[in-house]
Amino acid sequence: MLVELIEIKRDTRGIYSLGKVYINPQQIIYMSENLNMKESLKEGKINLSLNQSFTSFTNIKLNHNSYSSDIIVVGHPELIESKIATKQKKELLKG
């Protein structure tokens, strides 16, 4: 079961972009709010069509078999957690 989230990426030129990412919730080690990205958005350093007052970002650390990776997604950690919980409930109802 995969959960769709919106990832924010920064390329080598410092340009930000958004894209869909599908993650396996069972691979999540931890999630934490990314206050630096929120501050950068408020300062106008992130030129995307996101609401500066209401947009939050979450760091997600994923565990893979032989390594871990970090991604930054749009949304507060509580929102991400509720999206994962909702997806898991839907899967149980289908099963």
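Structural data are supplied above this passage.
Notes on the structure in this doc start here.

What counts and how
- Residues numbered from 1 in each chain as written.
- Predicted model: local features only at pLDDT ≥ 70, side-chain atom pairs only at ≥ 80, totals over all residues.
- Heavy atoms only, no water.
- Salt bridge = Lys/Arg side-chain N within 4 Å of Asp/Glu carboxyl O.
- Helix = DSSP H or I, 4+ residues; strand = E, 2+ residues; numbered from the N terminus.
- Buried < 20%, exposed > 50% of the residue type's maximum accessible area, 1.4 Å probe, protein only.
- Core = buried A, V, L, I, M, F, W, Y, C linked by side-chain atoms within 4.5 Å.
- Contact = heavy atoms within 4.5 Å.

### Overview of the pattern of salt bridges
Then, in step 1: Per the stated rule, a full pass over the model turns up four salt bridges.
Then, in step 2: The salt bridge involving Glu-4 is made with Lys-20; its shortest N-O contact spans 3.8 Å. Of this pair, Glu-4 sits in strand β1 (residues 3–10) while Lys-20 sits in strand β2 (residues 16–23), and the two are 16 residues apart along the sequence.
Then, in step 3: The partner of Lys-45 in a salt bridge is Glu-43, with the nearest N and O atoms 2.9 Å apart.
Then, in step 4: Lys-45 gets classed as exposed once you look at its relative accessible area, which sits at 54%.

### Some thoughts on the nonpolar core
Then, in step 1: Val-3, Leu-5, Val-21, Ile-23, Ile-60, Leu-62, Ile-71, Val-73, Ile-80 and Ile-84 together form the largest nonpolar core, which totals ten residues.
Then, in step 2: Every element with two or more residues in this core is listed here: β1, β2, β4 (57–63), β5 (68–74) and α2 (77–94).
Then, in step 3: Ignoring any residue separated from it by four or fewer positions in sequence, one finds Val-73 in contact with Leu-5, Ile-6, Glu-7, Val-21, Ser-56, Phe-57, Thr-58, Ile-60 and Ile-80.
Then, in step 4: Counting residues in hydrophobic clusters, the runner-up holds seven residues, among them Ile-8, Met-37, Leu-50 and Phe-57.

Function-wise, these values are silent; they only describe arrangement.
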